[in-house]
Structures are given as structure tokens and as C-alpha cells.
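# What the coordinates show
Okay, here's what each chain looks like letter by letter:
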Amino acid sequence: SRNEIVGIVGSGFIGQSWAMLFASVGYKVHIYDVKAEQVSSALTNIKKQLHILENSGMLRGTLTAEQQFQCISAAASLKDCIKGAKYVQESVFEDLELKRKVFHEIDEVADAHTVLASSTSCIVPSKFTADLTHRENCIVAHPVNPPYYVPMVEVVPAPWTSKEVVTRTQAMMKEIGQSPVMFSREQPGFGLNRVQYAILNECNNMVKSGILSAEDVDILMKDGLGYRYAWMGPLETAHLNANGMEDYLNRYGPTMVSVSKDFAPVPLWTVPESQSLLSQMEQMVPEDKLPERREWRDARLIALAKLKKEM
Ligand code: NAD
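A brief look at the structure comes next.

Thresholds applied
Residues numbered from 1 in each chain as written. Predicted model: local features only at pLDDT ≥ 70, side-chain atom pairs only at ≥ 80, totals over all residues. Heavy atoms only, no water. Bend = angle between axes of the 7 residues up to and from the residue. Helix = DSSP H or I, 4+ residues; strand = E, 2+ residues; numbered from the N terminus. Buried < 20%, exposed > 50% of the residue type's maximum accessible area, 1.4 Å probe, protein only. Contact = heavy atoms within 4.5 Å. Phe/Tyr/Trp six-rings, centres within 6.5 Å; stacked < 30°, edge-to-face > 60°. Lys NZ or Arg CZ within 6 Å of the ring centre and 35° of its normal. Near = heavy atom within 4 Å. Polar contact = N/O pair within 3.5 Å; in protein donor to acceptor, adjacent residues only side chain to side chain. Nonpolar A, V, L, I, M, F, W, Y, C, P; charged D, E, K, R; others polar.

### A closer look at helix 11 (residues 245-261)
In the structure, helix 11 departs most strongly from a straight axis at Y252, where the bend amounts to approximately 55° and where the proline P254 lies between one and four residues downstream. For helix 11, the complete set of buried residues consists of D247, Y248 and G253. Where the residues of helix 11 are buried, they touch helix 10 (234-241).

Here's what the structure looks like:
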């Protein structure tokens, strides 16, 4: 392995995925967790995962599974984890107070040139980095689950994040084979969740009004829009569906506006307001079948990642 260090703070599901991604290009990865036993079980799990990936031909990088595993080690303290690190990726529970606390602890022991990134899915970085000494080094790098197979990462700066840290984070993500999306500034939900919520709102409204069943809403996506979206985004889709975007606007613009004006308001995402949706979902995948169905999903995501790599 090379001599540059990456610190992983929090060794749950996302922390483990990051450790594997950084080790895939030979970084010296230090993992820290408040629960010491969590780090040892994380290491056991990472070792197992790396060998499974190697056997299925899906291991990233040019090093063997064993060489990659040798790049990763447990840190006894937060200081040992991030001292001298080029880059730190925080992946503790999604809780604002905890993020504040952990970023304060990181700030106290971090070097002046270490990038301090958070995996947070929803919390804008200004909310937990404002009063830190190294606040210009703080940034969000939000991955998608499971990061080993889904490469997009949202890179979101706080108002005080330096340009250099933005560029270094982007380079780091590209280096480990992820696909960074660069935000010019923060906004609630970043980008992925805003698009996801727009989709979910309309899907919920169609089920609520009884226009479509929950099953048919999901078919609409998985056997319809989803086919394109695994390969190209909605904007390129539109561009290709007409003679370019200008033609698309001329042809479909007025229809899009009038249909969009017919949208119902944002639904209340509460249990009492969602009874029909809840019973239909329980019928689609009963609660005791969820683990089985997740395995089914992961196998398909792996197959898709393989196909996208080959094409
Ligand atoms: P997780 O519950 O699997 O792991 C969190 C880990 O943080 C635990 O091992 C816990 O012991 C550790 N921890 C708690 N307090 C700590 C502290 N003070 N110092 C060090 N370690 C501490 O959670 P996860 O699913 O890996 O999520 C981690 C982060 O990644 C969250 O911010 C989450 O929003 C984000 N994220 C999650 C997903 C997802 O789908 N799971 C996707 C993208 C981003």
C-alpha cells in the first residue's frame, strides 16, 4: 500500500463501504468507532466481502483482496485514526447533535490540510461545521446505498468550504472510481433526495386517489422510466426523445406545464394518512419477507453494475 492515510470515523454499513473503496486504490485506511467491538466485526465483515468480490470478479482496483485488506487497520482512538490523514470520512449515525459533537472532536485533532468529509444523507454541512477551526476543510460527500455498486456521490460544500477542498474531494472520489456530483452550494435534501421525494410525492398521490395500485405505480417505474434511467438521466432522455432539447421544449413544453399544474399538493407522509399504501405494501412484500427481498435486490444491483462496467 502507499503511504497516504484515509481516516474512517464510524464503522457501520457506510463506513465499511468507504473503507473498501479507499483500500481498492491502496490508501492506508484507519477505522475508528466508539464501540471497539464494532471495529473488529467491521474488519471481519470487510475481509469476507473482499474475498466474495474477488471470487465473483467484482473486486475493484488492481490489488488482490488480501492486499486490499492489509491496507485497512483498526485505530484505537479518534486521534490515531485521523492524525496525518489526507482525507477523513465521517459515517456515524444520522443525528445532528452527534454530527456536531463528532466534528468538534475531529476538529480538535485534525491537521490543517486534512479534508473532513461527512456521509450525511440530509443534514446541510453549515449546521454542524460553523464554529470549527478547520471549517474551510469541511464538506459533505453523500454516497448512495450500496456505495460499492452505486457510484454516485453528492459533494456539497458549506458556505465557508474552500475551493481547494472542493477540488480535492472531487479528485478523491474520481480516484476511487466513484462518480461525484458537484454542488455549487448546499440546499436541504441535496439533489438525489429532492428528485426522489418529487417522485415519491406523485406516486403516493396516485395511490391515494386510487388512480393506480401501488403495484402498478412500481411497474410504471421499473418496467418503464427505470429502463432508461439506469443508463441516461431525464435531461438527456428528453434531448434524445425529440430533435434535441429545443425541439422538446417546443413540442412538449406546454403539455408539461399543464399536466404539472394538475399535480396534487405534497401529501402528508403520516401513518394515518397512508393506510391504503401501507396495506398494499404489506401485500406486495410482507414484513417477514423483507430480508429475502433485500438479497434479491442486491443480487440484481450487482448484476447491473457488472453490465454497466462491461458496456
Ligand atoms: P450505522 O448505524 O450502520 O453505523 C453508524 C456507526 O457509527 C456505528 O457503528 C456506531 O457505533 C458509530 N458511532 C456512533 N457514534 C460514534 C462516535 N461518536 N464516534 C465514532 N463512531 C460512532 O449507519 P450507516 O447506515 O453506516 O450510516 C452512517 C451515515 O451515512 C449516516 O449519516 C447516514 O445518513 C449516511 N448514509 C447512509 C446510507 C444508508 O443507506 N445506510 C446511505 C447514504 C448515507
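### Describing unusual backbone geometry
Apart from glycine, the bulk of residues carry a negative phi angle, and the bulk of peptide bonds sit in the trans form. For the bond running from N145 to P146, omega is -10°, close enough to zero to count as cis. Phi at F190 takes a positive value of approximately 50°, unusual for a residue other than glycine. By the element assignment, F190 lies in the loop between strand 8 (179-182) and helix 8 (192-208).

### Looking at the packing of aromatic side chains
In total, this model carries six aromatic pairs according to the counting rule given. Plain terms: the ring middles of Y248 and Y252 are 4.8 Å apart, the flat faces sit at 55° to each other, and that makes the pair tilted. Taken together, the positions of Y248 and Y252, both in helix 11 and four residues apart, correspond to about one turn of that helix. Take Y252: its relative accessible area is 32%, and that puts it in the partly exposed class. By way of ring pairs, the aromatic residues W18, F22, Y27 and Y87 are connected into one cluster. Positioned over the ring face of Y27 is R2, at 3.8 Å from the centre of the ring. Across the ring face of W296, the terminal group of R293 is positioned such that the distance to the ring centre comes to 3.7 Å.

### Digging into the site of the ligand
Lining the immediate surroundings of the ligand are 23 residues, of which I14, D33, E94, K99 and S121 lie closest. I14 places a main-chain nitrogen or oxygen 2.8 Å from an oxygen atom of the ligand. A distance of 2.6 Å separates an oxygen atom of the ligand from a polar atom in the side chain of D33. Within the residue set of the shell around the ligand, elements represented by two or more residues are helix 1 (13-23), helix 5 (96-109) and strand 6 (138-143). The element contributing the most residues to the shell around the ligand is helix 5, with three residues. Looking at side-chain class alone, the shell around the ligand contains ten nonpolar, ten polar and three charged residues.

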